[in-house]
Every structure is written in structure tokens, then in C-alpha cells.
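The chain contents come next:
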Amino acid sequence: MFEFNFEVNESDSSDTESPFKKPKIVEKSKSDSPKEKIDWYQAEEVKPTKDLLQSLDIYELNAKELTIGDVELRHLIAGFLLEDIKKHNDSDTQDLRKSEESHSDLIAGVYEGGAKIWECTDDLLIYLSKNFAKSDWKDKLVLDLGCGSGLLGIYSWKCGAKIDFQDYNKDVLEKITMPNVLLNFEDTLNDDEKMELLQKCHFYAGDWSYFAALTNNLEKYDIILTSETIYNIENQQKLLETFRKRLKRDGRVLVAGKSHYFGVGGGLEQFIDYVKSENVFKINYLWNADENLKRGIIELKLQ
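Read on for a plain summary of the structure. (Residues numbered from 1 in each chain as written. Predicted model: local features only at pLDDT ≥ 70, side-chain atom pairs only at ≥ 80, totals over all residues. Heavy atoms only, no water.)

**Topic: the sheet that holds strand E6 (residues 202-205)**
Moving on, step 1. With respect to topology, 8 strands assemble into an open sheet ordered E1-E6-E5-E4-E7-E8-E10-E9, the strand pairing being mixed. The two strands at the open ends of the sheet, each matched to only one other strand, are strand E1 (44-45) and strand E9 (281-289).
Moving on, step 2. By the bridge criterion, 8 bridges tie E9 to strand E10 (residues 295-302) in an arrangement that is antiparallel. Across the sheet, Ile283 pairs through a bridge with Leu300, a residue of E10.
Moving on, step 3. Most of the contacts of helix H11 (residues 236-246) go to strand E8 (residues 247-258), to which it runs at about 150°, and overall it touches strand E4 (141-145), strand E7 (221-227), E8, E9 and E10.
Moving on, step 4. In the packing of helix H12 (residues 268-278) onto the sheet, the strands contacted are E8, E9 and E10, and the crossing angle to E10 comes to about 15°. (Pairing = 2+ DSSP bridges. Helix = DSSP H or I, 4+ residues; strand = E, 2+ residues; numbered from the N terminus. Contact = heavy atoms within 4.5 Å. Axes fitted to C-alpha atoms, helices over the stretch in contact; angles between N-to-C directions.)

**Observations regarding the pairing of strand E3 (residues 71-76)**
Moving on, step 1. Both strand E2 (residues 63-68) and E3 contribute to a ladder of 6 bridges, which runs antiparallel. Within the sheet, the bridge partner assigned to Glu65 lies in E3 and is Arg74.
Moving on, step 2. What sits between the antiparallel neighbours E2 and E3 is a turn of 2 residues, in which Gly69 has the positive phi angle 60°.

**What to know about the pattern of salt bridges**
Moving on, step 1. One pass over the structure, following the stated rule, counts 14 salt bridges.
Moving on, step 2. Glu44 is paired through a salt bridge with Lys170; the nearest N and O atoms lie 3.9 Å apart. Of this pair, Glu44 sits in strand E1 while Lys170 sits in helix H8 (residues 170-183), placing them 126 residues apart in sequence.
Moving on, step 3. Among the charged side chains, a network of salt bridges with common partners joins Glu119, Glu228 and Lys258. (Salt bridge = Lys/Arg side-chain N within 4 Å of Asp/Glu carboxyl O.)

Encoded structure:
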């Protein structure tokens, strides 16, 4: 079991005051080491390059298929990615390398678990396939927030939506998300057509508060999909603020998560209580799995 001391930099918030108060955090004993200030990554748009196409044959050989309803998805095998990182000491995979070397899925302010396909992503994909018709996606602008593998966004795109992807780590976008998007294009497309299609998606790296500021003047989203992003209580204020700023007035957010994240403090039940206390979003309970480790999906809409 691992444990982190996260701290949110107060200067990260935008110049407009947030309606959200920070969620209450149970204080640790005084014997614990003091928190270190975390310099969260600034946001930037990451543009796909034609270099991706040079590795497409390798991606094809190291991909697996996933069937969700009547939609076929393809994505890179995690083992291939890790082996590739070990072979090549590239500066553009430094965050992924740090995660692998420390044997950790989470390093505060450095790496946020984007190389792994988390259980609740599968839950949300299955829920979408059973409860959303293809017509529900047509021409909708969708954000896959904390995208990692990008499967939620790729599924939405294959159903007819327009997609933006956001992940904390730039190297996750370049080494995982973008290759996975490419793997789901039709084989009949030539390289120029694939690049043109890939460039219609937007990819953003960096901290949520900076992302919301960076995209403040762009079109807001009809649907925001996010999975396993509520684990860190101290980041939940930024998460809700991003929802509020980037969601259309009649839009909806679907959040998938576990009831509790051991060693980190957050969880779905705690998050629901926090959202209720702020009285900015209405909550609709969509699905839950009553297993050893409970998981669930909720929908948020602006009040």
C-alpha cells in the first residue's frame, strides 16, 4: 500500500474566485513528514506529428482488441510500452520512466497513472455501450479528462462525437493516447488522411486548473467523461472547477470511480458528499458494482 502527501498550490486557481471550498481532509499525526510544495505542470496543447506514423507498424504488432457493445477498439499492450521505454532513454518519456523505476502508479506532481487502463474505465465503457445510442453522440463535443489510454474518447469518436483528450502527462499523450487513436483508424486511409483525422482531435497536457484557463475561450463540452480521477482529495476542488468552467449549461459529466482509494484518501462516496455540500451540481446515480471493492458511476449536471 502506498501513501502520498499532496499539496495544491494556491496560485493555481484562476483569477475568478471558485465557488468550491476545498474538501475536508483528515489530519495526519504530527509525526508525519511535512508536505512539500508541488509544482503542478502548466497546461499546453500537444500537437500530433508525422513521427507517429513511422511507428504505426510496431503499434499494430503490439496492440490488442477490445469489444464494447458493437464497437471494436484497439489499444497498445502495456507490456510493450514499458519494454520500449526501457530500451530507449528518451527525454520525452521521463515521467513514464520515473513511474516504472519507482514501481508506482502515482507520483505526486510528476505522474498520474496514465499508462494503466483502470478498472472503472471498463465500467464506464460498458455503461456507455448499454445506455447511449449512436444518435446521442452525433456532433457532440466530448472531453476525455484524465484520458490515459484514451479509450473513453476513442469509443465516443467511433460513435460519432468530436473529441478532445486531456492528461496530466505529455508523454502519456504522445506515447499512449495518440498511438491508440491511430490504431482505431480505418486501414484504408493513407498517411495524410490519418494525420488529417488525428489533427481534428485536440490533446492537452498539464494540471486541470491550468487546462481550464488555457481553454477558457474555446467551445465548451457537451459531455465530459472521466474515470478514476477522484482519488486525491486535494485535487477535487480543481476537478469540480474544471467541470464548471468547461461544461455547457445543459451538458453532463460522467464520473466513474471506486468507493475508496486506499492510501490516498479519496473515493466515490466521499466525492459525492463533497459535490452535495457545494450545491453547484446535481447528482444522478447511474450504476454501481457491489463487489469486494465497490465501484460506481455518477452523472453531474449544473444546477
